[in-house]
Amino acid sequence: MNNDQIEGKWTEIKGRLREAYGDLSDDDLEEARGNREQMEGVLQQKTGNSKEEVRRKVDDILAGV
């Protein structure tokens, strides 16, 4: 899914991210708004998971959208 598609489905993606990562704030999500790389960076900072782990989780979330 490219950034244009992510932006177009951002509301749904935000909901799924909140389900997966309950401690994400609105500011965290707005910082990443529609940009996959920024989204992965925010998640990596918040969770302390590796880039690969975060990327796999984001892939799973985006596959369900």
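Residues numbered from 1 in each chain as written. Predicted model: local features only at pLDDT ≥ 70, side-chain atom pairs only at ≥ 80, totals over all residues. Heavy atoms only, no water.

S.K.: What is the right way to read the packing of helix α2 (residues 10-20) against helix α5 (residues 51-63) from this model?
M.R.: In a packed pair of helices, the relevant descriptors are the angle between the two axes and the axis-to-axis distance. It is the contact of α2 with α5, at a shortest axis distance of 10 Å, that shows an interaxial angle of 130°. Considered as vectors, α2 and α5 are oriented oblique to each other. The crossing of α2 and α5 is right-handed. Here Ile13, Arg16, Leu17 and Ala20 of α2 lie close against α5, whose contacting residues are Lys57, Ile61 and Leu62. Classifying every residue of the contact of α2 with α5 by side-chain character gives five nonpolar, no polar and two charged. (Axes fitted to C-alpha atoms, helices over the stretch in contact; angles between N-to-C directions. Helix = DSSP H or I, 4+ residues; strand = E, 2+ residues; numbered from the N terminus. Parallel < 35°, antiparallel > 145°, perpendicular 65-115°, else oblique. Left-handed = near helix turned anticlockwise from the far one by under 90°. Contact = heavy atoms within 4.5 Å. Nonpolar A, V, L, I, M, F, W, Y, C, P; charged D, E, K, R; others polar.)

S.K.: Help me understand the environment of threonine 47, please; the structure alone is not making it clear to me.
M.R.: Inspection of the secondary structure assignment puts threonine 47 in helix α4 (residues 36-47). Each C-alpha atom of the pair threonine 47 and leucine 24 lies 9.7 Å from the other, and the pair is 23 residues apart in sequence. Within the structure, threonine 47 has its side chain in polar contact with the backbone oxygen of leucine 43 (distance 2.7 Å). A distance of 3.1 Å separates a polar side-chain atom of threonine 47 from the backbone nitrogen of asparagine 49. (Polar contact = N/O pair within 3.5 Å; in protein donor to acceptor, adjacent residues only side chain to side chain.)

Purely spatial values, then, with no claim about function.
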